[in-house]
Amino acid sequence: MNTMMRFVAVRFVAVTILVVAAGCIKSKQSDCGGLVCPGDTTCVASQCVDSDLVQACNGLADGDACTVPGLPPDKCEGGVCQASRCGDGRVTGKEQCDGSAMGGHTCQGEGFYSATGIACSAACTLDTSACVGRCGDGIKNGPELCDGGDMGSATCFDVGYYAAAGLACASDCTFDTTSCGGGHCGDGVINGLEECDGKEMGSATCGTLGYNGALSELACSNSCTFSSSSCLCASGRCEAHAQKCVCSKTGCGCVPN
């Protein structure tokens, strides 16, 4: 192999190594719980942490003392030095935020319905005073069915009961129906305008409804009305009060009464 060929071969290998290395670096940067960590940070437990805080605990166990230039001494926790100084503009140690650095926190992350409005206090804790819309603020908003005493216009009628009074709001901003009265479809008792409820048919049968000779029994639908799939003769219903279901050796069918 002449000198020129050796040079080309070496250059090709070098370029290949650089491309592979670059791909690895990019992969590491992206593989942090869906986050892309900046170059001066390290992915720790799906969070981007300043690299100097991680390097300060290299070779140390949790609880060991650690130091980071420009920060007061502290201890290692989860492989990260908890050294922190509120007001330096970066989220470190036990800080939730620092100045304009919010550490990924938003109002939505704190249980509010609007993402904007989060701020950082002088003590580097989250300030949610400007966040709006959450369960427990006494105002029905977002996906809430109700909130405290704000029921919107809902009554027990709206959730399937036959008496309006008694609807309340649960702590998770959903309806509390424990005090609703008058019964409801599905309680197994015929009340309101129900024809039936579950297995309760009252005194009704296929015969009393005019389906004479029906092969299947009377059933109740989920809406507490008599099911159209009951009182069948073979694959269909006979005309009530006008026909009856009669079976012979050749099969079953509807004939006039």
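What you see is a predicted model, and the numbers here were worked out from it, not measured in a lab.

How would you summarise the packing of aromatic side chains if you had to cite specific residues and measurements?
Enumeration over the complete set of coordinates arrives at 0 aromatic pairs. The side chain of Arg237 reaches across the aromatic face of Tyr211, ending 4.4 Å from its centre.

Now, about the sheet that holds strand β5 (residues 80–81): what can you tell me, with residues and values included?
The sheet built from 3 strands is open, its strands ordered β3-β4-β5 with antiparallel pairing. The outermost strands of the open sheet, each flanked by one partner alone, are β3 (65–66) and β5. The pairing of strand β4 (residues 74–77) with β5 spans 2 bridges and is classified as antiparallel. Paired with Cys76 across the bridge in β5 is Cys81.

Before we move on, could you go through the state of the cysteines and cite the residues and values that matter?
Tallying each qualifying case throughout the model produces 15 disulfides. One disulfide bridge connects Cys37 with Cys48, the sulfur atoms lying 2.0 Å from each other. Looking down the S-S bond of the Cys37 and Cys48 bridge, the torsion is -85°, so its handedness is left-handed. With a gap of 11 residues between them, Cys37 in the loop between α1 (3–30) and β1 (41–44) and Cys48 in strand β2 (residues 47–50) connect regions that are remote in the sequence.

Account for the confidence of the model for the protein, with residues named and values stated.
Should pLDDT be low for a region, the predicted coordinates there are not to be read in detail. Looking at the protein, the pLDDT average stands at 87 and 88% of residues meet or exceed 70. Summarising per-element confidence for the protein, the mean pLDDT is lowest in α1 (41) and highest in strand β9 (residues 175–176) (98). Counting interchain partners and residues more than four positions distant, the pLDDT-below-50 stretch residues 3–30 has 7 contacts.

Lay out the layout of surface pockets in plain terms, naming residues and giving numbers.
Computed from the structure, the largest pocket encloses a volume of approximately 720 Å³. Together, 26 residues line the largest pocket, and Gln47, Cys48, Val49, Val91 and Gly103 are the ones closest to its centre. Going through the elements one at a time, β1 and β2 are the ones with two or more residues in the lining of the largest pocket. Considering every element that reaches the lining of the largest pocket, the biggest residue donor is β2, with 4 residues.

Account for the pairing of β1, naming residues and giving values.
Direction of pairing for β1 relative to β2: antiparallel, over a ladder of 4 bridges. By the bridge assignment for β2, Thr42 is matched with Val49. The turn linking β1 back onto β2 is made up of 2 residues, and Ala45 within it adopts a positive phi angle of 50°.

Account for the environment of Arg90, naming residues and giving values.
Its location among the elements puts Arg90 in the loop between β5 and β6 (119–120). Taking the C-alpha atoms as reference points, Arg90 and Met102, 12 residues apart in sequence, are found 8.7 Å from one another. Sequence-distant contacts of Arg90, defined by excluding residues within four places in its chain, comprise Asp50, Asp52, Val68, Leu71, Glu95 and Asp98.

Lay out the pattern of salt bridges with the relevant residues and their values.
Throughout the structure, instances matching the rule amount to 3 salt bridges. With its nearest N and O atoms 2.8 Å apart, the salt bridge here joins Arg90 to Asp50. Here Asp50 lies in strand β2 and Arg90 lies in the loop between β5 and β6, a separation of 40 residues in the sequence. Given the relative accessible area of 17%, Asp50 is considered buried. Two residues, Asp52 and Arg90, come together in a salt bridge whose shortest N-O distance is 3.1 Å. Here Asp52 is found in helix α2 (residues 51–55), whereas its partner Arg90 is found in the loop between β5 and β6, with 38 residues between them in sequence. On the basis of relative accessible area, Arg90 is assigned to the partly exposed category, the value being 22%. Three or more residues are tied together by salt bridges with common partners; here these are Asp50, Asp52 and Arg90.

So, the side chain of Asn191: which residues are in play, and what are the values?
Along the chain, Asn191 falls in the loop between β9 and β10 (243–248). Looking at Asn191, the relative accessible area reads 16%, which means it is buried. Not counting residues within four places of it along the chain, the set of residues in contact with Asn191 comprises Tyr162, Gly182, Gly183 and His184.

Which residues make up the nonpolar core, and what values do they have?
Ranked by size, the top nonpolar core spans 13 residues in total, and within it Val49, Leu53, Cys66, Val68, Val80 and Cys81 carry the most contacts. Going through the elements one at a time, α2 and β5 are the ones with two or more residues in this core. The residues contacting Leu53, other than those within four sequence positions of it, are Val68, Leu71, Gly79, Val80, Cys81, Ala83 and Thr92.

Criteria and cut-off values
Every chain's residues receive numbers from 1 upward, in the order its sequence appears when written. Residue-level local features of this predicted model are given only where pLDDT is at least 70; pairs of side-chain atoms are given and counted only at 80 or more, and the full residue set underlies all totals for whole chains, interfaces and linings. Computation of side-chain values: all heavy atoms of the structure, hydrogens and water removed. Aromatic rings from Phe, Tyr and Trp, with only the six-membered ring used for Trp, were paired whenever their centres fell within 6.5 Å, and each pair was classed as stacked if the ring planes differed by under 30 degrees, edge-to-face if by over 60, and tilted otherwise. We call a charge positioned over a ring when the NZ of a Lys or the CZ of an Arg lies within 6 Å of the ring centre and within 35 degrees of the ring normal. Pairs of strands are assigned from DSSP output, requiring at least two bridges between the strands. Labels follow the DSSP assignment, with helices taken as runs of H or I lasting at least four residues and strands as runs of E lasting at least two, numbered in each case from the N terminus. Count a disulfide wherever a pair of cysteine sulfur atoms falls within 2.5 Å. Residue-level confidence of the predictor, termed pLDDT, takes values from 0 up to 100. Residue contacts follow a heavy-atom distance rule, with two residues in contact if any of their heavy atoms lie within 4.5 Å. Here a cavity means grid points, on a 1 Å grid over the protein atoms only, where a 1.4 Å probe fits yet cannot get out; a pocket means an open set of points with protein on both sides within 12 Å along at least five of seven lines; lining residues are those with an atom within 4 Å of a point. Grid points are joined across faces, edges and corners, and a volume is the space filled by probe spheres set on the points. The rule for a salt bridge is simple: a side-chain nitrogen of Lys or Arg has to be within 4 Å of a carboxyl oxygen of Asp or Glu. With a 1.4 Å probe rolled over the protein chains alone, any residue whose accessible area is under 20% of its type maximum counts as buried; one over 50% counts as exposed, and the rest are partly exposed. Side-chain atoms within 4.5 Å link the members of a nonpolar core, which is a set of buried Ala, Val, Leu, Ile, Met, Phe, Trp, Tyr and Cys residues.

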